[in-house]
Amino acid sequence: VFFRPIPLFALFGFQVRLDASWFLLAVLVVWSLATGLFPQRLPGLEPAVYWWMGVLGLIGLAASIVLHELAHALVARRHGMPIRGITLFIFGGVAEMQDEATSPRAEFLMAVAGPLMSFAVAGLMWLLAGAGLPETVALVAGYLALINLVLAVFNLVPAFPLDGGRMLRAALWGWTGDLVRSTRVASAIGSGFGVLLIVLGVVAVVGGDFVAGMWWFLIGLFVRAAAAGALEGVAVREAFAGRPVSDFMRRDPIAADADATVAELVSEYVFRHYLKSFPVVDRGRLVGCVGVEDVRKVEEARRPLVRVREVMEPCDAERTVAPETDAAAALRQMQRTGRTRLIVVRTGELVGVVSLSDLLSYLSMARDLGMRPPPPPASREEAPAPWGRGHASADGRGWR
Ligand SMILES: [Zn+2]
């Protein structure tokens, strides 16, 4: 995913988006269908007809991928796993999960739904291809039957992050109760499968099939990177071991006074602490949030006259977090929203701030030491937090 995806439309409440990289796939698909597959199977037509068939094939392919991802998204939502949307990109599509799966059963059902949908679409297209429609339409339907079959079978390979890998992980997780070890197994297979695709790609390029070879090569790289990313994700979750945000937050955060002027906000807060946003307090109560973007709304000459309370905004759910929230969930919230600091709030009371840099330095310490260190001394007023609910890893080999 290279650029910000383009929103297309909403489907059952899921926003469907198009990543710019998908256009490359689109051009390749139309071109290979219109100049390769279709003229081979049905010779003697006008070139324009082949191009239109190619476009129809592409639209069908896009719809097939969206249906596959929609099946994942609907099952995920049913099991309490919110999905942010469906994005089409160069290697197909992705239903973006906001969080890890809630249970092995939920993950298994979510993963199997996509291939099942693709099998169903393949069957439907196969029926359509034999329904006595014009030859051109029947050929496109036949192509879509085949591509959906490939989509289902390829995704059933038990290599994480493919659906089959998720199913394998869920099965192992349900059986052993150990998510990290299960992810390690499924990711190792994913990584190996990635290498296999890379090798197949190189073989194909050497054999003269440059486009297909590059394709396998790139998908192999992608699968390997995604397998490593999944492992990283559970390692992070393991490192935090269910520790709450309150273990990592800084108490007594820098908060702007609601009655300070915008000019004071700039000189006393922004340029003193080099932070882009601040919680705003009025006699200890959190009353809002203010950021550099709010300052920009006020002309420079008027900044000594306007008070912070007039430009601040309510602190939305994106920038706040509860002290008992899992620290790994707070980290995901930062990654999702792009905010590097979250305000820790308990029933309207400002209790602290948790920052990305603190969470990351904790993670890197955990990694360097190959064990789980105690939480950082985030607070100077309070006694250092105990070792928490986790345990040091017994094999001493760390997280990787
Ligand atoms: Zn899938």
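Each remark here, short or long, concerns the structure printed above.
Worth saying up front: this structure is predicted, and the values here are computed from it rather than measured.

J.: Pulling in residues and values, what's your account of the overall build of the protein?
T.: When its secondary structure is counted, the protein shows 12 helices and 10 strands. Reported as C-alpha extents along the three principal axes, the dimensions of the protein are approximately 80 × 60 × 40 Å. Looking at the protein residue by residue over its 400 residues, the buried ones come to 44%. Within the protein, counting contacts between residues at least 6 apart in sequence, those at least 24 apart form 62% of the total. Split by element, the accessible area of the protein, about 20600 Å² in all, is 63% carbon and sulfur. Averaging the positions of the 38 positive and the 36 negative side-chain charges in the protein gives two centres separated by 3 Å.

J.: Lay out the state of the cysteines with the relevant residues and their values.
T.: Summed over the entire model, instances satisfying the criterion amount to one disulfide. Two residues, Cys-289 and Cys-315, share a disulfide whose sulfurs are 2.1 Å apart. Given an S-S torsion of about 105 degrees, the disulfide between Cys-289 and Cys-315 has right-handed geometry. You can see Cys-289 sitting in strand β7 (residues 285-291) and its partner Cys-315 sitting in the loop between α10 (308-311) and β8 (320-321), a full 26 residues away along the chain. Looking at Cys-289, the relative accessible area reads 1%, which means it is buried.

J.: Tell me about the packing of aromatic side chains, residues and numbers included.
T.: For the structure on display, the rule yields six aromatic pairs. Consider the rings of Phe-248 and Tyr-362, whose centres lie 4.8 Å apart with planes at 75 degrees: the pair is edge-to-face. Taken together, the residues Phe-248 in the loop between α7 (210-240) and β5 (256-257) and Tyr-362 in helix α12 (residues 356-369) connect sequence positions 114 residues apart. For the residue pair Phe-248 and Tyr-362, the accessibility class agrees, reading buried in each case. One aromatic cluster is present, formed by Phe-154, Phe-193 and Trp-216 through successive ring pairs.

J.: Any details on helix α6 (residues 179-206)? Residues and values, ideally.
T.: Its 28 residues give α6 an end-to-end C-alpha distance of 40 Å, which sits within 8% of 40 Å, the value for a rise of 1.5 Å per residue. Along α6, the residues that are buried comprise Leu-179, Val-180, Ser-182, Thr-183, Ala-186, Ser-187, Gly-190, Phe-193, Gly-194, Leu-197, Ile-198 and Gly-201. Elements in contact with the buried residues of α6: α4 (135-155), α5 (163-176) and α7. Near the N-terminus of α6, the side chain that reaches the backbone nitrogen of Val-180, with its oxygen 3.2 Å away, is that of Asp-178. Once α6 ends, the next one or two residues include Gly-208, with phi positive near 100 degrees.

Conventions used here
Residues numbered from 1 in each chain as written. Predicted model: local features only at pLDDT ≥ 70, side-chain atom pairs only at ≥ 80, totals over all residues. Heavy atoms only, no water. Helix = DSSP H or I, 4+ residues; strand = E, 2+ residues; numbered from the N terminus. Buried < 20%, exposed > 50% of the residue type's maximum accessible area, 1.4 Å probe, protein only. Contact = heavy atoms within 4.5 Å. Areas by Shrake-Rupley, 256 points an atom, 1.4 Å probe, with all protein chains shown as cover. Lys, Arg positive; Asp, Glu negative; His and termini not counted. Charge placed at Lys NZ, Arg CZ, Asp CG, Glu CD. Disulfide = S-S within 2.5 Å. Phe/Tyr/Trp six-rings, centres within 6.5 Å; stacked < 30°, edge-to-face > 60°. Expected span 1.5 Å × (residues − 1). Polar contact = N/O pair within 3.5 Å; in protein donor to acceptor, adjacent residues only side chain to side chain.

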